[in-house]
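# Notes for the structure review
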Amino acid sequence: MSVLIFVDHLHGHIKKASHEALTYGAKIAEQTGDTAEAVVLGNVSEDLAALGQHGVKKVHHVQSDALNTFDSQVYTKVIAQVAEQSGAKVIVFSNNSSGKALAPRVAVRLKAGLVAGATALPDISNGFVVRKAVFSGKAVANVAIKTDVKVVSLNVNAFTISTSEGTAEVVPFNATVDAPKTKIVGSTKTSGKVSLTEADVVVSAGRGLKGPENWKMVEDLADELGAALACSRPVADAHWRPHNEHVGQTGIAIAPNLYIAIGISGAIQHLAGVNRSKTIVVINKDPEAPFFKAADYGIVGDAFEVVPKITEAVKKIKG
Ligand code: FAD
(Lines give C-alpha, C1' and ligand atoms only; values in the text may rest on other atoms or scores of the structure.)
Protein backbone atom coordinates (compact mmCIF):
# COMPACT_ATOMS: atom_id res chain seq x y z
CA MET A 1 0.00 0.00 0.00
CA SER A 2 1.21 3.49 -0.68
CA VAL A 3 0.51 7.16 -0.27
CA LEU A 4 0.87 8.67 -3.74
CA ILE A 5 1.77 12.34 -4.15
CA PHE A 6 1.24 14.20 -7.43
CA VAL A 7 4.24 16.39 -8.28
CA ASP A 8 3.25 19.54 -10.11
CA HIS A 9 5.79 21.39 -12.25
CA LEU A 10 5.88 24.36 -14.54
CA HIS A 11 8.17 24.14 -17.57
CA GLY A 12 10.03 21.30 -15.81
CA HIS A 13 10.53 23.21 -12.56
CA ILE A 14 8.89 21.56 -9.55
CA LYS A 15 6.60 23.96 -7.71
CA LYS A 16 7.16 24.87 -4.06
CA ALA A 17 3.61 23.70 -3.33
CA SER A 18 4.62 20.21 -4.49
CA HIS A 19 7.51 20.09 -2.03
CA GLU A 20 4.94 20.86 0.67
CA ALA A 21 2.63 18.13 -0.64
CA LEU A 22 5.52 15.64 -0.77
CA THR A 23 6.44 16.36 2.86
CA TYR A 24 2.76 16.11 3.84
CA GLY A 25 2.23 12.83 1.96
CA ALA A 26 5.40 11.31 3.42
CA LYS A 27 4.21 12.20 6.93
CA ILE A 28 0.83 10.54 6.24
CA ALA A 29 2.70 7.43 5.09
CA GLU A 30 4.70 7.49 8.33
CA GLN A 31 1.43 7.65 10.30
CA THR A 32 -0.27 4.85 8.37
CA GLY A 33 2.82 2.64 8.04
CA ASP A 34 2.70 2.82 4.24
CA THR A 35 5.28 3.85 1.64
CA ALA A 36 5.32 7.37 0.24
CA GLU A 37 5.54 7.40 -3.55
CA ALA A 38 5.38 10.26 -6.03
CA VAL A 39 4.08 10.55 -9.57
CA VAL A 40 5.63 12.93 -12.08
CA LEU A 41 4.16 13.49 -15.54
CA GLY A 42 6.17 14.86 -18.45
CA ASN A 43 9.73 16.16 -18.70
CA VAL A 44 11.28 17.65 -15.59
CA SER A 45 14.60 19.46 -15.47
CA GLU A 46 15.27 18.54 -11.85
CA ASP A 47 16.75 15.43 -10.24
CA LEU A 48 13.73 13.32 -9.32
CA ALA A 49 15.76 11.03 -7.05
CA ALA A 50 16.26 14.09 -4.82
CA LEU A 51 12.55 14.03 -3.97
CA GLY A 52 13.63 11.31 -1.53
CA GLN A 53 14.76 14.13 0.77
CA HIS A 54 11.11 14.62 1.71
CA GLY A 55 10.69 10.96 2.66
CA VAL A 56 9.43 9.65 -0.68
CA LYS A 57 10.78 6.18 -1.50
CA LYS A 58 9.77 5.82 -5.14
CA VAL A 59 9.01 8.21 -8.01
CA HIS A 60 6.83 6.94 -10.89
CA HIS A 61 7.88 8.95 -13.92
CA VAL A 62 5.50 8.90 -16.88
CA GLN A 63 7.00 10.39 -20.00
CA SER A 64 5.16 11.17 -23.17
CA ASP A 65 5.06 14.22 -25.42
CA ALA A 66 1.34 14.44 -24.66
CA LEU A 67 2.15 15.11 -21.01
CA ASN A 68 4.43 18.07 -21.57
CA THR A 69 1.47 20.41 -21.54
CA PHE A 70 -1.14 20.21 -18.81
CA ASP A 71 -4.45 18.66 -19.80
CA SER A 72 -6.59 17.73 -16.80
CA GLN A 73 -8.43 14.88 -18.56
CA VAL A 74 -5.27 13.25 -19.87
CA TYR A 75 -3.46 13.73 -16.56
CA THR A 76 -6.42 12.32 -14.59
CA LYS A 77 -6.39 9.03 -16.49
CA VAL A 78 -2.64 8.63 -16.09
CA ILE A 79 -2.62 9.43 -12.36
CA ALA A 80 -5.49 6.97 -11.84
CA GLN A 81 -3.48 4.25 -13.60
CA VAL A 82 -0.45 4.89 -11.40
CA ALA A 83 -2.64 4.98 -8.28
CA GLU A 84 -4.29 1.67 -9.16
CA GLN A 85 -1.08 -0.14 -10.10
CA SER A 86 0.86 1.13 -7.09
CA GLY A 87 -1.98 0.24 -4.72
CA ALA A 88 -2.28 3.80 -3.48
CA LYS A 89 -4.77 4.22 -0.66
CA VAL A 90 -4.19 7.93 -0.18
CA ILE A 91 -3.52 10.32 -3.08
CA VAL A 92 -2.24 13.80 -2.28
CA PHE A 93 -2.42 16.91 -4.44
CA SER A 94 -1.64 20.57 -3.77
CA ASN A 95 -4.78 22.65 -3.63
CA ASN A 96 -3.42 24.91 -6.38
CA SER A 97 -4.91 25.37 -9.84
CA SER A 98 -3.66 22.00 -11.15
CA GLY A 99 -4.71 20.20 -7.97
CA LYS A 100 -8.14 21.82 -8.09
CA ALA A 101 -8.58 20.46 -11.62
CA LEU A 102 -7.15 17.01 -10.91
CA ALA A 103 -8.11 15.98 -7.37
CA PRO A 104 -11.91 15.80 -7.95
CA ARG A 105 -11.49 14.07 -11.32
CA VAL A 106 -9.11 11.46 -9.90
CA ALA A 107 -11.44 10.97 -6.91
CA VAL A 108 -14.41 10.31 -9.21
CA ARG A 109 -12.39 7.90 -11.35
CA LEU A 110 -11.21 5.94 -8.30
CA LYS A 111 -14.57 6.22 -6.47
CA ALA A 112 -12.67 7.88 -3.65
CA GLY A 113 -13.77 10.40 -1.04
CA LEU A 114 -12.09 13.80 -1.35
CA VAL A 115 -11.22 16.59 1.04
CA ALA A 116 -10.04 19.70 -0.78
CA GLY A 117 -7.98 22.30 1.06
CA ALA A 118 -6.55 20.29 3.98
CA THR A 119 -4.66 22.38 6.51
CA ALA A 120 -3.16 19.71 8.77
CA LEU A 121 -2.21 16.05 8.87
CA PRO A 122 -5.22 13.73 9.07
CA ASP A 123 -6.21 12.30 12.43
CA ILE A 124 -6.03 8.54 11.90
CA SER A 125 -6.76 7.56 15.50
CA ASN A 126 -10.41 7.04 14.62
CA GLY A 127 -10.79 6.66 10.85
CA PHE A 128 -9.28 9.27 8.58
CA VAL A 129 -10.34 12.78 9.58
CA VAL A 130 -8.99 15.74 7.65
CA ARG A 131 -9.07 19.32 8.89
CA LYS A 132 -9.93 22.08 6.43
CA ALA A 133 -10.80 25.76 6.62
CA VAL A 134 -14.36 26.73 5.66
CA PHE A 135 -16.35 29.98 5.30
CA SER A 136 -13.36 31.91 3.96
CA GLY A 137 -11.17 30.73 6.83
CA LYS A 138 -13.63 31.81 9.56
CA ALA A 139 -14.24 28.24 10.72
CA VAL A 140 -12.63 24.83 10.66
CA ALA A 141 -14.27 21.58 9.59
CA ASN A 142 -13.03 18.10 10.44
CA VAL A 143 -14.13 15.84 7.61
CA ALA A 144 -13.97 12.04 7.76
CA ILE A 145 -13.20 10.21 4.50
CA LYS A 146 -14.93 6.84 4.64
CA THR A 147 -13.91 5.29 1.32
CA ASP A 148 -11.03 2.80 1.00
CA VAL A 149 -9.14 5.10 -1.35
CA LYS A 150 -8.83 8.69 -0.16
CA VAL A 151 -7.93 11.86 -2.03
CA VAL A 152 -6.67 14.92 -0.17
CA SER A 153 -5.52 18.25 -1.54
CA LEU A 154 -3.29 20.33 0.71
CA ASN A 155 -3.67 24.10 0.95
CA VAL A 156 -0.63 25.95 -0.33
CA ASN A 157 1.62 27.19 2.50
CA ALA A 158 -0.30 25.16 5.09
CA PHE A 159 2.51 22.70 5.75
CA THR A 160 6.23 23.30 6.32
CA ILE A 161 8.59 21.60 3.89
CA SER A 162 11.01 19.28 5.65
CA THR A 163 14.08 17.64 4.20
CA SER A 164 16.58 15.06 5.37
CA GLU A 165 19.09 12.76 3.68
CA GLY A 166 17.47 10.36 1.26
CA THR A 167 17.10 9.49 -2.38
CA ALA A 168 14.10 8.01 -4.10
CA GLU A 169 14.12 5.24 -6.67
CA VAL A 170 12.98 6.70 -10.00
CA VAL A 171 10.96 4.19 -12.00
CA PRO A 172 9.64 4.77 -15.54
CA PHE A 173 5.91 4.03 -15.66
CA ASN A 174 4.32 2.85 -18.89
CA ALA A 175 0.88 4.37 -18.94
CA THR A 176 -1.77 4.56 -21.61
CA VAL A 177 -1.74 8.25 -22.50
CA ASP A 178 -4.65 9.68 -24.50
CA ALA A 179 -4.11 12.37 -27.09
CA PRO A 180 -5.08 15.70 -25.51
CA LYS A 181 -8.35 17.15 -26.79
CA THR A 182 -7.04 20.68 -26.40
CA LYS A 183 -3.81 22.25 -27.56
CA ILE A 184 -2.04 25.24 -26.04
CA VAL A 185 -0.90 27.27 -29.01
CA GLY A 186 0.95 29.91 -27.04
CA SER A 187 1.16 31.53 -23.64
CA THR A 188 1.97 35.07 -22.59
CA LYS A 189 2.96 36.34 -19.18
CA THR A 190 0.39 39.01 -18.52
CA SER A 191 1.95 40.94 -15.67
CA GLY A 192 4.48 40.86 -12.88
CA LYS A 193 7.88 39.27 -12.87
CA VAL A 194 6.96 36.69 -10.25
CA SER A 195 3.97 34.32 -10.40
CA LEU A 196 1.35 35.41 -7.86
CA THR A 197 0.31 31.95 -6.70
CA GLU A 198 3.89 30.73 -6.25
CA ALA A 199 5.35 33.91 -4.75
CA ASP A 200 6.93 33.98 -1.31
CA VAL A 201 6.36 37.70 -1.05
CA VAL A 202 3.41 39.65 -2.47
CA VAL A 203 3.09 43.43 -2.62
CA SER A 204 -0.52 44.46 -3.07
CA ALA A 205 -2.24 47.80 -3.38
CA GLY A 206 -5.76 49.15 -3.34
CA ARG A 207 -7.89 52.15 -4.08
CA GLY A 208 -5.85 54.22 -1.62
CA LEU A 209 -3.29 54.64 -4.41
CA LYS A 210 -5.75 56.93 -6.23
CA GLY A 211 -4.92 55.86 -9.78
CA PRO A 212 -2.91 53.53 -12.04
CA GLU A 213 -0.24 56.18 -12.59
CA ASN A 214 0.89 55.65 -8.97
CA TRP A 215 1.75 51.96 -9.33
CA LYS A 216 5.41 52.63 -10.15
CA MET A 217 6.26 52.87 -6.45
CA VAL A 218 4.49 49.56 -5.78
CA GLU A 219 6.38 47.91 -8.65
CA ASP A 220 9.67 49.34 -7.35
CA LEU A 221 9.09 47.83 -3.91
CA ALA A 222 8.04 44.50 -5.46
CA ASP A 223 11.18 44.47 -7.64
CA GLU A 224 13.45 45.10 -4.67
CA LEU A 225 11.78 42.30 -2.69
CA GLY A 226 11.52 39.88 -5.63
CA ALA A 227 7.79 39.94 -4.97
CA ALA A 228 4.69 39.37 -7.06
CA LEU A 229 2.12 42.12 -7.53
CA ALA A 230 -1.51 41.94 -6.43
CA CYS A 231 -4.41 44.33 -6.02
CA SER A 232 -7.87 44.69 -4.53
CA ARG A 233 -10.93 44.08 -6.65
CA PRO A 234 -12.03 47.71 -7.23
CA VAL A 235 -8.57 48.37 -8.63
CA ALA A 236 -8.98 45.59 -11.19
CA ASP A 237 -12.62 46.58 -11.86
CA ALA A 238 -11.45 50.11 -12.64
CA HIS A 239 -8.81 48.65 -15.01
CA TRP A 240 -5.98 50.21 -13.03
CA ARG A 241 -4.44 46.75 -12.90
CA PRO A 242 -5.18 43.48 -14.77
CA HIS A 243 -7.75 41.12 -13.29
CA ASN A 244 -5.21 38.35 -12.83
CA GLU A 245 -3.70 40.42 -10.00
CA HIS A 246 -7.02 40.67 -8.14
CA VAL A 247 -6.92 38.73 -4.88
CA GLY A 248 -9.80 37.88 -2.59
CA GLN A 249 -13.01 35.94 -2.43
CA THR A 250 -13.77 36.51 -6.10
CA GLY A 251 -10.14 36.66 -7.19
CA ILE A 252 -7.07 34.54 -6.56
CA ALA A 253 -6.49 33.09 -3.09
CA ILE A 254 -2.88 33.30 -2.06
CA ALA A 255 -0.79 32.22 0.92
CA PRO A 256 2.65 33.82 0.67
CA ASN A 257 5.10 34.08 3.55
CA LEU A 258 4.78 37.86 3.44
CA TYR A 259 1.82 39.93 2.20
CA ILE A 260 2.23 43.71 2.13
CA ALA A 261 -1.07 45.56 1.71
CA ILE A 262 -0.85 49.21 0.70
CA GLY A 263 -3.92 51.45 0.77
CA ILE A 264 -6.32 48.52 1.11
CA SER A 265 -9.13 48.80 3.68
CA GLY A 266 -9.25 45.07 4.54
CA ALA A 267 -12.84 44.21 3.62
CA ILE A 268 -13.82 40.64 4.49
CA GLN A 269 -13.98 39.71 0.79
CA HIS A 270 -10.37 40.83 0.36
CA LEU A 271 -9.20 39.07 3.53
CA ALA A 272 -10.79 35.82 2.35
CA GLY A 273 -8.10 35.54 -0.33
CA VAL A 274 -5.08 36.62 1.70
CA ASN A 275 -5.66 35.60 5.32
CA ARG A 276 -3.58 32.44 4.92
CA SER A 277 -0.46 34.59 4.41
CA LYS A 278 2.11 33.86 7.12
CA THR A 279 2.91 37.51 7.87
CA ILE A 280 0.72 40.46 6.91
CA VAL A 281 2.03 44.04 6.84
CA VAL A 282 -0.57 46.78 6.40
CA ILE A 283 0.16 50.34 5.32
CA ASN A 284 -2.88 52.59 5.64
CA LYS A 285 -3.36 56.23 6.57
CA ASP A 286 -6.55 55.45 8.52
CA PRO A 287 -5.72 53.96 11.95
CA GLU A 288 -9.27 52.54 12.06
CA ALA A 289 -8.87 50.57 8.79
CA PRO A 290 -10.19 47.04 9.44
CA PHE A 291 -7.09 45.48 7.86
CA PHE A 292 -5.05 46.42 10.96
CA LYS A 293 -6.99 43.78 12.93
CA ALA A 294 -5.64 41.07 10.63
CA ALA A 295 -2.12 42.54 10.45
CA ASP A 296 1.02 41.22 12.09
CA TYR A 297 2.66 44.61 11.53
CA GLY A 298 0.86 47.87 10.80
CA ILE A 299 2.14 51.22 9.59
CA VAL A 300 -0.27 54.13 9.96
CA GLY A 301 0.83 56.62 7.36
CA ASP A 302 0.51 57.99 3.87
CA ALA A 303 1.53 55.29 1.37
CA PHE A 304 3.13 57.91 -0.86
CA GLU A 305 5.59 58.73 1.91
CA VAL A 306 5.99 55.31 3.52
CA VAL A 307 6.42 53.02 0.49
CA PRO A 308 9.40 54.83 -1.15
CA LYS A 309 11.12 54.87 2.25
CA ILE A 310 10.68 51.10 2.64
CA THR A 311 12.01 50.56 -0.89
CA GLU A 312 15.08 52.68 -0.08
CA ALA A 313 15.62 50.80 3.18
CA VAL A 314 15.41 47.42 1.38
CA LYS A 315 17.92 48.68 -1.22
CA LYS A 316 20.33 49.71 1.56
CA ILE A 317 19.99 46.37 3.35
CA LYS A 318 20.69 44.53 0.09
CA GLY A 319 23.73 46.78 -0.41
P1 FAD B 1 -11.28 51.07 -0.30
O2 FAD B 1 -12.29 50.33 0.49
O3 FAD B 1 -11.71 52.31 -0.97
O4 FAD B 1 -10.07 51.37 0.70
C5 FAD B 1 -8.98 52.17 0.38
C6 FAD B 1 -8.10 52.25 1.61
O7 FAD B 1 -6.96 53.03 1.31
C8 FAD B 1 -8.78 52.89 2.82
O9 FAD B 1 -8.65 52.05 3.96
C10 FAD B 1 -8.01 54.19 3.02
O11 FAD B 1 -7.88 54.54 4.39
C12 FAD B 1 -6.67 53.84 2.42
N13 FAD B 1 -5.94 54.99 1.90
C14 FAD B 1 -6.41 56.03 1.17
N15 FAD B 1 -5.42 56.87 0.85
C16 FAD B 1 -4.28 56.36 1.39
C17 FAD B 1 -2.93 56.77 1.41
N18 FAD B 1 -2.53 57.88 0.77
N19 FAD B 1 -2.04 56.01 2.07
C20 FAD B 1 -2.43 54.89 2.73
N21 FAD B 1 -3.70 54.45 2.73
C22 FAD B 1 -4.62 55.17 2.07
N23 FAD B 1 -12.57 43.00 -2.84
C24 FAD B 1 -11.36 42.44 -3.03
O25 FAD B 1 -10.31 43.08 -2.81
N26 FAD B 1 -11.28 41.16 -3.51
C27 FAD B 1 -12.36 40.40 -3.75
O28 FAD B 1 -12.22 39.24 -4.18
C29 FAD B 1 -13.65 40.96 -3.53
N30 FAD B 1 -14.76 40.23 -3.75
C31 FAD B 1 -15.97 40.79 -3.47
C32 FAD B 1 -17.13 40.01 -3.59
C33 FAD B 1 -18.35 40.55 -3.28
C34 FAD B 1 -19.58 39.70 -3.43
C35 FAD B 1 -18.45 41.89 -2.83
C36 FAD B 1 -19.79 42.48 -2.44
C37 FAD B 1 -17.33 42.66 -2.69
C38 FAD B 1 -16.07 42.13 -3.01
N39 FAD B 1 -14.90 42.89 -2.87
C40 FAD B 1 -13.71 42.30 -3.07
C41 FAD B 1 -14.94 44.33 -2.57
C42 FAD B 1 -14.69 44.61 -1.09
O43 FAD B 1 -15.89 44.53 -0.38
C44 FAD B 1 -14.10 46.02 -0.91
O45 FAD B 1 -14.98 46.96 -1.48
C46 FAD B 1 -12.72 46.19 -1.55
O47 FAD B 1 -11.85 45.18 -1.10
C48 FAD B 1 -12.16 47.56 -1.18
O49 FAD B 1 -11.00 47.77 -1.92
P50 FAD B 1 -9.89 48.76 -1.38
O51 FAD B 1 -9.54 48.38 -0.01
O52 FAD B 1 -8.82 48.82 -2.42
O53 FAD B 1 -10.65 50.18 -1.44
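By the naming in an unreviewed UniProt entry, the chain is Electron transfer flavoprotein subunit alpha, taken from Flavisolibacter ginsenosidimutans. Word for word, the UniProt comment on the chain under Sequence similarities (unreviewed entry) is "Belongs to the ETF alpha-subunit/FixB family." Per UniProt, the chain has the following entry under Function (unreviewed entry): "The electron transfer flavoprotein serves as a specific electron acceptor for other dehydrogenases. It transfers the electrons to the main respiratory chain via ETF-ubiquinone oxidoreductase (ETF dehydrogenase)."

## Some remarks on the confidence of the model for the chain
Per-residue confidence for the chain averages 94 on the pLDDT scale, and 98% of its residues sit at or above 70. Both scores are given for the predicted complex: the pTM is 0.79, the ipTM 0.99.

## What about the domain arrangement of the chain?
You can read the domains of the chain as domain 1 (2–172) and domain 2 (201–318). Opposite the six residues of domain 1 that make contact, domain 2 presents eight residues. The junction of domain 1 with domain 2 conceals about 600 Å² of combined surface from both sides, 40% of it contributed by carbon and sulfur atoms. Summed over the shared surface of domain 1 and domain 2, the result is zero salt bridges. At the boundary of domain 1 and domain 2, one finds four residue pairs in polar contact (both at pLDDT 80 or more). Here the side of domain 1 that touches domain 2 is composed, by residue class, of one nonpolar, four polar and one charged.

## With respect to the sheet that holds strand E16 (residues 297–300)
Strand order in the open sheet made by the five strands is E13-E12-E14-E15-E16, with parallel pairing throughout. Of all strands in the sheet, those bounded by a partner on one side alone are strand E13 (228–231) and E16. On average, adjacent strands in this sheet sit at an angle of 15° to one another, irrespective of strand direction. Pairing between strand E12 (residues 201–205) and strand E14 (residues 258–262): five bridges, direction parallel. From the neighbouring strand, serine 204 faces E14, where its bridge partner is alanine 261. Along the sheet, helix H4 (residues 216–225) contacts E12, E13 and E14; its crossing angle with E12, the most-contacted strand, is approximately 175°. Each of E14, strand E15 (279–284) and E16 is contacted by helix H8 (residues 303–318), which is oriented at about 135° to E15, the strand it contacts most.

## Observations regarding the pairing of strand E4 (residues 35–41)
With respect to burial, E4 is a largely interior element, six of its seven residues being buried. Note that strand E1 (residues 2–7) and E4 share six bridges and pair parallel. Note on E4: the bridge partner recorded for phenylalanine 6 is valine 39.

## Examining the UniProt feature "domain: Electron transfer flavoprotein alpha/beta-subunit N-terminal" (unreviewed entry) in the chain
Annotation from UniProt places "domain: Electron transfer flavoprotein alpha/beta-subunit N-terminal" (unreviewed entry) at residues 3–188. A helix fraction of 24% and a strand fraction of 30% characterise residues 3–188, whose end C-alpha atoms lie 36 Å from each other.

## Details of the site of the ligand
Near the ligand lie 26 residues; those nearest to it are Ser232, Thr250, Ser265, Gln269 and Asn284. A distance of 2.8 Å is found between an oxygen atom of the ligand and a side-chain nitrogen or oxygen belonging to glutamine 269. Here a nitrogen atom of the ligand and a backbone polar atom of lysine 285 are 3.2 Å apart. About the coverage of the ligand: the protein hides 76% of its 980 Å² of free accessible area. The cavity that encloses the ligand is the second largest pocket. Among the elements of the structure, helix H5 (233–237), helix H6 (268–274) and H8 are those that each provide at least two residues to the shell around the ligand. The residue inventory of the shell around the ligand, partitioned by class, reads six nonpolar, 14 polar and six charged.

## As for the layout of surface pockets
A volume near 300 Å³ is recorded for the second largest pocket. For the second largest pocket, the lining is made up of 18 residues, of which Ser232, Arg233, Pro234, Ala267 and His270 are closest to its centre. Contributing elements (two or more residues each) for the lining of the second largest pocket: H5 and H6. Partitioned by chemical class, the residues of the lining of the second largest pocket number four nonpolar, twelve polar and two charged.

## Remarks on empty space enclosed by the protein
By the definition in use, this model includes one cavity of 30 Å³ or more. Considered as a void within the structure, the largest cavity measures approximately 80 Å³ in volume. Together, 13 residues line the largest cavity, and Lys16, Val156, Thr197, Glu198 and Ala199 are the ones closest to its centre. A per-class count over the lining of the largest cavity returns seven nonpolar, two polar and four charged. Three or more residues apiece are contributed to the lining of the largest cavity by two domains, here domain 1 (2–172) and domain 2 (201–318).

Rules and cut-offs
- Residues numbered from 1 in each chain as written.
- Predicted model: local features only at pLDDT ≥ 70, side-chain atom pairs only at ≥ 80, totals over all residues.
- Heavy atoms only, no water.
- UniProt positions renumbered as here; feature names shortened; annotations may be inferred.
- pLDDT = per-residue confidence, 0-100.
- Domains from an automatic or database assignment.
- Contact = heavy atoms within 4.5 Å.
- Buried area = accessible area lost by both parts, 1.4 Å probe.
- Salt bridge = Lys/Arg side-chain N within 4 Å of Asp/Glu carboxyl O.
- Polar contact = N/O pair within 3.5 Å; in protein donor to acceptor, adjacent residues only side chain to side chain.
- Nonpolar A, V, L, I, M, F, W, Y, C, P; charged D, E, K, R; others polar.
- Pairing = 2+ DSSP bridges.
- Helix = DSSP H or I, 4+ residues; strand = E, 2+ residues; numbered from the N terminus.
- Axes fitted to C-alpha atoms, helices over the stretch in contact; angles between N-to-C directions.
- Buried < 20%, exposed > 50% of the residue type's maximum accessible area, 1.4 Å probe, protein only.
- Near = heavy atom within 4 Å.
- Areas by Shrake-Rupley, 256 points an atom, 1.4 Å probe, with all protein chains shown as cover.
- 1 Å grid on protein atoms, 1.4 Å probe; cavity = no way out; pocket = protein on both sides within 12 Å on 5 of 7 lines; lining within 4 Å.
- Sits in = over half its atoms within 2 Å of the grid points.
- Points joined across faces, edges and corners; volume = space filled by probe spheres on them.

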